[in-house]
Amino acid sequence: MKWAVLISGGGTNLQALIDAVAAGRLSAELGLVVSNRADAGGLARAAAAGIPTAVIEHKDFASREEFDKKLVDTLKSHQIEWIALAGFMRVLTPIFLNAFAGKIVNIHPSLLPSFPGIRAQEQAFESGVKVAGCTVHFVDNGVDTGPIIAQRAVEVVEEDTVETLRQKILAQEHEIFPAVIHWIDQGFVTIDQKGTRPIVRLAIP
Ligand code: GAR
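What comes next concerns the included structure. Treat the numbers as computed from the prediction; the structure is a model and nothing was measured.

With respect to helix α6 (residues 162-185)
Thinking step 1. Between the first and last C-alpha of α6 there are 34 Å, a value that for 24 residues agrees with the 34 Å anticipated at 1.5 Å per step.
Thinking step 2. Within two residues after α6, Gly187 carries a phi angle of roughly 80°, on the positive side.

Take a look at the structure:
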């Protein structure tokens, strides 16, 4: 299936996806990389891998809705079916969410539902938790609230700083994100309803 990867920054998660495709661990076709910032380091990673890129700067748009409409038009014009948010630091409106309903996944650097939103690693560090981690989840209309697909934990030790914790979490992100996207791409991930709550089922052979 044809995926777009949306980024805002350095793109190490994008690189992990590129590397997984090259290594044959990820079946997804990475058809487009979109950044909302022209200076995002991930754009060079995409270009080096021969993936088409688009820069759509949110600051050029009067509203979130207009920005999202441009995003949707760009993705549709590239026949994109699925979206991976890889460090994309914008909240999406229903215009975007409805256009790709159930087909957007995000990687977040905390064990959700703890520490949603920005600066998740700092939030975790400052709270004094002994276990931190990352989450891959489907995106719904809340901030980091959608159905959880997979998580990885890391231990927080005495010697850790925010930066060492960030790096430990990032190393786990780089393993789990390509794996989850491969599972989705292969049709191993479905959403069921458990009472009022959507729950993700993994059927990995
Ligand atoms: C990653 O840690 C990702 O989980 C986080 O931004 C970083 C991007 O790094 N995303 C969020 O905080 C989303 N709320 P990268 O550009 O090197 O992949």
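A short note on the sheet that holds strand β3 (residues 53-55)
Thinking step 1. Pairing is mixed across the open sheet formed by 7 strands, whose spatial order is β3-β2-β1-β4-β5-β6-β7. The open sheet has two edge strands with one neighbour each: β3 and β7 (148-155). If you compare each strand with its neighbour and ignore which way they point, the axes differ by 20° on average.

Concerning the packing of helix α5 (residues 120-127) against α6
Thinking step 1. Where α5 contacts α6, the two axes come as close as 9 Å, and the packing angle between them is 120°. One element, α5, and the other, α6, form an angle in the oblique class. Taken as a pair, α5 and α6 cross one another with a handedness that is right-handed. Across the interface between the two elements, Gln121, Glu122 and Phe125 of α5 pack against Val162, Leu165, Arg166 and Ile169 of α6.

A few points about the packing of aromatic side chains
Thinking step 1. According to the stated counting rule, one finds 3 aromatic pairs in the structure shown.
Thinking step 2. Taking 5.2 Å as the distance between ring centres and 25° as the angle between the ring planes, the aromatic pair formed by Trp3 and Trp82 counts as stacked. Of the two residues, Trp3 sits in strand β1 (residues 2-7) while Trp82 sits in strand β4 (residues 82-85), which places them 79 residues apart along the sequence. Across the pair, Trp82 and Trp3 agree in class, each one buried.
Thinking step 3. Residues Phe61 and Phe67 carry aromatic rings whose centres are separated by 5.9 Å and whose planes lie at 65° to one another, so their mutual orientation is edge-to-face.
Thinking step 4. What makes Phe67 buried here is its relative accessible area of 3%.
Thinking step 5. We note Lys76 situated over the ring of Phe100; from NZ or CZ to the ring centre the distance is 4.3 Å.
Thinking step 6. The aromatic ring of Phe67 is capped on one face by Arg90, whose charged end is 6.0 Å from the ring centroid.

As for the nonpolar core
Thinking step 1. Within the largest apolar cluster, 42 residues are counted, with the highest numbers of intra-cluster contacts made by Trp3, Val5, Val105, Ile149, Phe177, Ile181 and Ile184.
Thinking step 2. With 20 residues, the next largest nonpolar core counts Leu32, Phe67, Phe88 and Val139 among its residues.

What to know about the layout of surface pockets
To find the voids left in a structure, one rolls a probe of water-molecule size over its atoms.
Thinking step 1. For the largest pocket, the calculated volume is near 790 Å³.
Thinking step 2. Every residue lining the largest pocket is counted, 37 residues in all, and those nearest its centre are Gly87, Phe88, Met89, Ile107 and Pro109.
Thinking step 3. For the lining of the largest pocket, the elements supplying multiple residues, two or more each, are α1 (12-22), β5 (104-108), α5 and α6.

Quick notes on the site of the ligand
Thinking step 1. Neighbouring the ligand are Gly10, Gly11, Thr12, Asn13, Gly87, Met89, Ile107, His108, Pro109, Gln121, Leu170 and Glu173.
Thinking step 2. Thr12 places a polar side-chain atom, nitrogen or oxygen, 2.6 Å from an oxygen atom of the ligand.
Thinking step 3. When the ligand sits alone it has 450 Å² of accessible area, and the protein chains cover 85% of it.
Thinking step 4. A molecule is said to occupy a pocket when more than half its atoms come within 2 Å of that pocket's grid points, and by this definition the ligand occupies the largest pocket.
Thinking step 5. At the level of secondary structure, the elements contributing two or more residues to the shell around the ligand comprise α1, β5 and α6.
Thinking step 6. Partitioned by chemical class, the residues of the shell around the ligand number 4 nonpolar, 7 polar and 1 charged.

Here we look at the environment of Ile176
Thinking step 1. Along the chain, Ile176 falls in helix α6.
Thinking step 2. Separated by 28 residues in sequence, Ile176 and Ile148 place their C-alpha atoms 13 Å apart.
Thinking step 3. Discounting residues that sit within four places of it in the chain, Ile176 has contacts with Ile107, Cys134, Val136, Ala150, Gln151 and Arg152.

Rules of the game
- Residues numbered from 1 in each chain as written.
- Predicted model: local features only at pLDDT ≥ 70, side-chain atom pairs only at ≥ 80, totals over all residues.
- Heavy atoms only, no water.
- Helix = DSSP H or I, 4+ residues; strand = E, 2+ residues; numbered from the N terminus.
- Expected span 1.5 Å × (residues − 1).
- Pairing = 2+ DSSP bridges.
- Axes fitted to C-alpha atoms, helices over the stretch in contact; angles between N-to-C directions.
- Parallel < 35°, antiparallel > 145°, perpendicular 65-115°, else oblique.
- Left-handed = near helix turned anticlockwise from the far one by under 90°.
- Contact = heavy atoms within 4.5 Å.
- Phe/Tyr/Trp six-rings, centres within 6.5 Å; stacked < 30°, edge-to-face > 60°.
- Buried < 20%, exposed > 50% of the residue type's maximum accessible area, 1.4 Å probe, protein only.
- Lys NZ or Arg CZ within 6 Å of the ring centre and 35° of its normal.
- Core = buried A, V, L, I, M, F, W, Y, C linked by side-chain atoms within 4.5 Å.
- 1 Å grid on protein atoms, 1.4 Å probe; cavity = no way out; pocket = protein on both sides within 12 Å on 5 of 7 lines; lining within 4 Å.
- Points joined across faces, edges and corners; volume = space filled by probe spheres on them.
- Near = heavy atom within 4 Å.
- Polar contact = N/O pair within 3.5 Å; in protein donor to acceptor, adjacent residues only side chain to side chain.
- Areas by Shrake-Rupley, 256 points an atom, 1.4 Å probe, with all protein chains shown as cover.
- Sits in = over half its atoms within 2 Å of the grid points.
- Nonpolar A, V, L, I, M, F, W, Y, C, P; charged D, E, K, R; others polar.

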